[in-house]
Amino acid sequence: MDRTPKALLVGAALALLAGCSTDKATFDPGGIGFHEARYAEVSATRDFRACFEEALQLDSQARSSGDLGRYLASARVLESCEANLGPEANGVAKEERMRAYGLTVQNYLKGGDAVSARRNLDRFRQAFPENDLYYADGASFLTTMEVLLGQEDTKAFGQFAVLNVSGQLKDEMRRMHHWKSQ
């Protein structure tokens, strides 16, 4: 029996295997790091959404009961949602985070804490520069909150036509301006 073909076959297989490298210095763990980072983002986003749902339930209870304390509780839960989010999901769920910030401003205002509402409005502007939310009637969230929180120049009250706020708010501000100037 001729061993030459078998020896050539084994030699070729060994040469082929010798070309494979198991050198750890050339192994790129970036793929694993990417997957770990992505998992952290997904996990943080899932936790944020669960927290956001809890805050929405408190908001719904506040609207149905008229309890100002529940508005404040909802706003505090929403703040904790953002605080717990961390840097892992900084660019993730931007729209949801914007709505959460907006709801904290509204709920602090409804709960009677204008200082916290102003603080969170400033945080909204810092976190989402050149972004705005819009109500169902098309009114600007930022403009509406600026007017309600006294951050809009009172001289602009006469030019409500140019402000992107609801008709109800315009009427109320005109009424307030009228009675203040009497």
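Residues numbered from 1 in each chain as written. Predicted model: local features only at pLDDT ≥ 70, side-chain atom pairs only at ≥ 80, totals over all residues. Heavy atoms only, no water.

### So, the state of the cysteines
Under the criterion given, the structure shown has 1 disulfide. For Cys 51, the disulfide goes to Cys 81, at an S-S distance of 1.9 Å. Where Cys 51 bonds to Cys 81 through sulfur, the torsion about that S-S bond is close to -90 degrees, and the disulfide is left-handed. In this pair, Cys 51 sits in helix α2 (residues 30-65) while Cys 81 sits in helix α3 (residues 68-85), placing the two residues 30 residues apart along the sequence. Just as Cys 51 is buried, Cys 81 falls in that class too. (Disulfide = S-S within 2.5 Å. Helix = DSSP H or I, 4+ residues; strand = E, 2+ residues; numbered from the N terminus. Buried < 20%, exposed > 50% of the residue type's maximum accessible area, 1.4 Å probe, protein only.)

### Things to note about the pattern of salt bridges
What the rule picks out here adds up to 8 salt bridges. As a salt-bridge pair, Glu 79 and Arg 119 come within 2.8 Å of each other at their nearest N and O atoms. Of this pair, Glu 79 sits in helix α3 while Arg 119 sits in helix α5 (residues 114-127), and the two are 40 residues apart along the sequence. Across the pair Asp 122 and Arg 125 runs a salt bridge whose closest N-O atoms are separated by 2.8 Å. A residue pair is termed a helical-turn pair when its members lie 3 or 4 positions apart in one helix, as Asp 122 and Arg 125 do in helix α5 at 3 residues. (Salt bridge = Lys/Arg side-chain N within 4 Å of Asp/Glu carboxyl O.)

These figures come from the coordinates and say nothing about function on their own.
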